[in-house]
Amino acid sequence: MARKIQLIINESEVTAGTRGASLGPGAVKVAAWKKESDFFSQFTNQYSIKNNEELLNKPPLYPFAKRIEGLTEVFEQLDTIVKSTYEKGDFPLIIAGDHGSAGGTIAAIKNSHPGKRLGVVWIDAHGDLHTPYTTPSGNMHGMPLATALATDNLDAQINEPKEDVKGLWDNLKNFGGISPKIQPEDLVFIAVRDTEEPEDLLMDKLGIRNITVEEVRKSGVDHVVDEVLEKLKDCDLIYVSFDVDSMDPKIVSHGTGTPVDNGLTPEEAEGIMTGLIKSDKLCCLEFVEINPCLDEKKNKMAEVAFDLLERLVPVIKK
Ligand SMILES: [Mn+2]
């Protein structure tokens, strides 16, 4: 079935730990321009979400859920945009700033398809499973999957968030009235290799499958794709969230908020995503966390991300 793509550029970085990810989508367009590519001309009607500068210019109000009020707005905007994309029968391709917004992407997909079972493939160096009760930093780009799973992870609680934060957090977990949005058995990690104790505890408790970089290398990309699709065989829809920090910073660059050594090669990432895109169940692909301000190789991370997009988009359209 041929897919028609709706490009969504989400410049929000309200939940990042370091600023600069809002410039990621623009850096990818710079990479396209450098190659004299007409890639972006195929998307005639781009949807956009602006970064909330006003909020970022003030210190955060809530130490255990920094700028959660801004994230709530991003959830609302994504809900409207993603819903209207599906209403047109189009496929949302998202290039976003920090990963916190992906909880909003999952919410929007689920709220658009309330009767469908949604699977999530999270290609990332991190588990992104923190909650305001367990976070050491308060940075909400480490919490998107906890909003989707609607967990507080109180078994690993280290913080005492105030009542107003609890209310805002509960709103995110229940966003749109469906909670949780996904089941733990319908979530697969790929390349996760930097987690903290509360996340490890939750991964163990929920039995979340993490396909490590070593496993990808040992068993091969095709085998990984087969395993993921087999694990998600009872899901109706599959969303793929690609955090560029899943890739190896020594091979690519450190142009991302929280780089971690020993990641995937761009070729491995491409192979995995190509295989997943070929499934009819794929309903959304998202790229996040490109940060050109942190890139020691000028704009290398965005250039690698662009090369991937350039090769993956024709597969999506098929
Ligand atoms: Mn992430």
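It should be noted that the structure appears before, not after, this text.
The model shown is predicted, which means the values in this text are computed figures rather than measured ones.

Engineer: Would you explain the pairing of strand β1 (residues 5-10) in this entry?
Structural biologist: Side-chain positions along a regular strand alternate between the two faces of the sheet. The element β1 is largely enclosed, with a buried count of 6 among its 6 residues. Of the two faces of β1, both are covered, the one formed by Ile 5, Leu 7 and Ile 9 as well as the one formed by Gln 6, Ile 8 and Asn 10. Sheet analysis places β1 next to strand β3 (residues 91-96), joined by 6 bridges and oriented parallel. Across the sheet, residue Ile 9 finds its bridge partner in β3, namely Ile 95. Note that β1 and strand β2 (residues 47-49) share 3 bridges and pair parallel. Across the sheet, the residue bridging to Ile 8 is Tyr 47, located in β2.

Engineer: How do you make sense of the side chain of His 113 when you look at a structure like this?
Structural biologist: Structurally, the position occupied by His 113 is in the loop between α4 (102-112) and β4 (118-123). Since its relative accessible area comes to 18%, His 113 is described here as buried. Reaching out from His 113, the side chain makes a polar contact with the backbone oxygen of Ile 109 at a distance of 2.9 Å. Sequence-distant contacts of His 113, that is, excluding residues within four places in its chain, are made with Tyr 86 and Leu 237.

Engineer: Honestly, the pattern of salt bridges in this entry has me stumped. Any pointers?
Structural biologist: Side chains that carry opposite charge are capable of pairing whenever their charged atoms lie near each other. Throughout the structure, instances matching the rule amount to 20 salt bridges. The shortest N-O distance in the salt bridge between Asp 152 and Lys 173 comes to 2.8 Å. With a gap of 21 residues between them, Asp 152 in the loop between α5 (144-149) and α6 (163-173) and Lys 173 in helix α6 connect regions that are remote in the sequence. Here Glu 230 and Lys 233 are joined by a salt bridge, their closest N and O atoms 3.5 Å apart. Judged by its relative accessible area of 47%, Lys 233 is partly exposed. If you follow the salt bridges from partner to partner, you end up with Lys 4, Lys 88 and Asp 90 in one network.

Quick notes on the rules
Residues numbered from 1 in each chain as written. Predicted model: local features only at pLDDT ≥ 70, side-chain atom pairs only at ≥ 80, totals over all residues. Heavy atoms only, no water. Buried < 20%, exposed > 50% of the residue type's maximum accessible area, 1.4 Å probe, protein only. Helix = DSSP H or I, 4+ residues; strand = E, 2+ residues; numbered from the N terminus. Pairing = 2+ DSSP bridges. Polar contact = N/O pair within 3.5 Å; in protein donor to acceptor, adjacent residues only side chain to side chain. Contact = heavy atoms within 4.5 Å. Salt bridge = Lys/Arg side-chain N within 4 Å of Asp/Glu carboxyl O.

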